[in-house]
Amino acid sequence: MQLFDTLRNTKTELEFSDKVRIYLCGVTVYDDAHIGHARTIIVFDVLRRFLESQGHAVEFIQNFTDVDDKILDRARQEKTTAVELTDKYTKNYFLDFDRLNVKRATEYPKASDHIQDMQNLISDLISKEYAYVTKKGIYFSVSKFPKYGKLSGKGDEESTEEHRITVDEEKKNPADFALWKLGEFELSWPSPWGEGRPGWHIECSAMSLKYFDEETFEIHGGGRDLIFPHHENEIAQSESFTSKQFAKIWMHVGMITIDGEKMSKSVGNVKSVNHVLENWGPNVIRLFCLSGKYSTPIDYSEKLLKENIAKLRQIESCYYQLRLAEGPGTNS
């Protein structure tokens, strides 16, 4: 079986021994999941189901990001606590994706439950001089990882995402990204460096390394929007920690646009999973999310969804005709 590997930029044979280990970057639980999230998760659900149908064991880990700036901002807007907010949207996630007939992951680790694992990883990176401490936090030094940019093709001079949100005059390089943010936040924990909370990228590294025993695993996945900086930074810090390959294949799912436009809250065109389920039903949505190559974008439009209704009816008709042809009492 071949999958398109973003790292090699080509189709790559999936190689494994006793089981296929998959880590999928899940949702940040500050809002309801939308159709873009659904496409990524449905693609991986089908991949997993296919592998299992061939008799292969699959260990499927999908995290929840419940420590993040967006969560703190939304909690303030809704005049609630960050914990209450993340609990609410985590429950909504399961309601939505159970209705979409997505098989539950082997584990759903939460970032907030793995703070010690993150701190242990950061301490190791500091001791190996891949990371350094400032008054505002701990940063990964991208110049210490010569292969930085190998996933996205972007060098450290183009790494601007963290630079925009992390202003620290003590940073050695604007591209250096935060592993731990010092300060007293609504969500914060004691650490060897002071009160604070983890950066986004260290969360997934710590959880995947923990659940896969720090071994190179088969597939790391997510939406194409995560290639840079999130997955690029995951590779840098994880491979600096283990001194070996992080994941064998990087599988990224194309984005969903709405009538040709990127989904955006400011434009008001975001389609929640609950909304599309109420309007189209689970099977049409699953079929829509699987239309076209998984690595390329698809457009959410009334026309395409109606086409998928017709396709679904053809599939159902074919299924029932095959069942009738088998005759009564036949197990299939």
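Residues numbered from 1 in each chain as written. Predicted model: local features only at pLDDT ≥ 70, side-chain atom pairs only at ≥ 80, totals over all residues. Heavy atoms only, no water.

Visitor: Break down the sheet that holds strand β11 (residues 256–258) for me, with residues and values.
Guide: The three strands lie next to each other as β12-β11-β13, forming an open sheet whose pairing is mixed. The sheet is open, and its two borders are formed by β12 (261–262) and β13 (298–300), each paired with just one other strand. Note: β11 against β13, three bridges, orientation parallel. Across the sheet, Thr257 pairs through a bridge with Asp299, a residue of β13. (Pairing = 2+ DSSP bridges. Helix = DSSP H or I, 4+ residues; strand = E, 2+ residues; numbered from the N terminus.)

Visitor: Please give an account of the nonpolar core that cites residues and values.
Guide: Grouped together as the largest cluster of nonpolar side chains are 94 residues, with contacts concentrated most on Ile35 and Ile219. The element contributing the most residues to this core is helix α1 (residues 35–53), with eight residues. When near neighbours in sequence (up to four residues on either side) are disregarded, Ile35 contacts Ile256, Met263, Lys271, Val273, Val276, Ile285, Phe288, Cys289 and Tyr300. (Core = buried A, V, L, I, M, F, W, Y, C linked by side-chain atoms within 4.5 Å. Buried < 20%, exposed > 50% of the residue type's maximum accessible area, 1.4 Å probe, protein only. Contact = heavy atoms within 4.5 Å.)

Visitor: Residues and numbers for the pairing of strand β4 (residues 57–62), please.
Guide: The buried fraction of β4 is high, at five of six residues. With six bridges connecting them, strand β3 (residues 19–24) and β4 associate as parallel partners. Bridge assignment links Tyr23 to a residue of β4, and that residue is Ile61. Taken together, β3, α1 and β4 form a β-α-β motif whose crossover is right-handed. (Right-handed = clockwise from strand over helix to strand, strands pointing away.)

Visitor: Before we move on, could you go through the sheet that holds strand β7 (residues 177–182) and cite the residues and values that matter?
Guide: Pairing is antiparallel in the open sheet, where four strands are placed in the order β5-β6-β7-β8. Two strands lie at the open edges of the sheet, namely β5 (131–133) and β8 (196–198), each paired on one side alone. Averaged over all adjacent pairs, the angle separating strand axes in this sheet is 20 degrees, with direction ignored. With three bridges joining them, β5 and strand β6 (residues 137–140) adopt antiparallel strand pairing. Counted as the bridge partner of Tyr132 is Tyr139 from β6. (Axes fitted to C-alpha atoms, helices over the stretch in contact; angles between N-to-C directions.)

Visitor: Any chance you could break down helix α8 (residues 273–280) for me, citing the residues and the numbers?
Guide: Among all positions in α8, only Val273, Val276, Leu277 and Trp280 are buried. Considered in projection along α8, the buried side chains sweep an arc of 105 degrees and stay on one side of the axis. Those residues of α8 that are buried lie in contact with α1, α3 (82–99), α9 (282–289), β13 and α10 (302–326). Of the residues flanking the end of α8, it is Gly281, one or two places downstream, whose phi is positive at about 85 degrees. (Arc of directions from axis to C-beta.)

Visitor: Which residues make up the layout of surface pockets, and what values go with them?
Guide: The computed volume of the largest pocket comes to approximately 1,500 Å³. Forming the walls of the largest pocket are 47 residues, and the residues nearest its centre are Tyr30, Lys70, Trp200, Asp225 and Leu226. When residues of the lining of the largest pocket are traced back to their parent elements, those giving at least two are α1, α2 (69–78), α5 (161–165), β8, α6 (200–211), β9 (217–223), α7 (227–242) and β11. Looking at the lining of the largest pocket, its residues break down into 17 nonpolar, 17 polar and 13 charged. (1 Å grid on protein atoms, 1.4 Å probe; cavity = no way out; pocket = protein on both sides within 12 Å on 5 of 7 lines; lining within 4 Å. Points joined across faces, edges and corners; volume = space filled by probe spheres on them. Nonpolar A, V, L, I, M, F, W, Y, C, P; charged D, E, K, R; others polar.)

Visitor: Give a description of the packing of α8 against α9 that names residues and reports values.
Guide: Contact pair α8 / α9: the axes reach a minimum separation of 7 Å and the direction vectors enclose 115 degrees. Facing Val276, Leu277 and Trp280 of α8, the residues of α9 in contact are Pro282, Val284 and Ile285. A per-class count over the contact of α8 with α9 returns six nonpolar, no polar and no charged.

Visitor: Please set out unusual backbone geometry residue by residue, giving values where relevant.
Guide: Between Phe228 and the following residue, Pro229, the backbone shows a cis peptide bond with an omega angle of 5 degrees. By secondary structure assignment, the location of Pro229 is in helix α7. A positive phi is found at Glu129, a non-glycine position, where the angle reads about 65 degrees. With phi around 60 degrees, Ser243 is a residue other than glycine that occupies positive phi space. Among the structural elements, Ser243 can be located in the loop between α7 and β10 (247–253).

Visitor: How would you sum up the packing of aromatic side chains? Please name residues and give values.
Guide: Counting across every chain of the model gives 15 aromatic pairs. Seen in terms of ring centroids, Tyr93 and Phe97 are 4.4 Å apart; in terms of plane orientation they differ by 25 degrees. Their pairing is stacked. Taken as a pair, Tyr93 and Phe97 lie in helix α3 at a separation of four residues, close to a single helical turn. An angle of 5 degrees between the planes, with centres 6.2 Å apart, marks the rings of Tyr130 and Phe140 as stacked. Within this pair, whereas Tyr130 is found in the loop between α4 (115–127) and β5, its partner Phe140 is found in strand β6, the two being separated by ten residues in sequence. Across the ring face of Tyr132, the terminal group of Lys172 is positioned such that the distance to the ring centre comes to 4.5 Å. (Phe/Tyr/Trp six-rings, centres within 6.5 Å; stacked < 30°, edge-to-face > 60°. Lys NZ or Arg CZ within 6 Å of the ring centre and 35° of its normal.)

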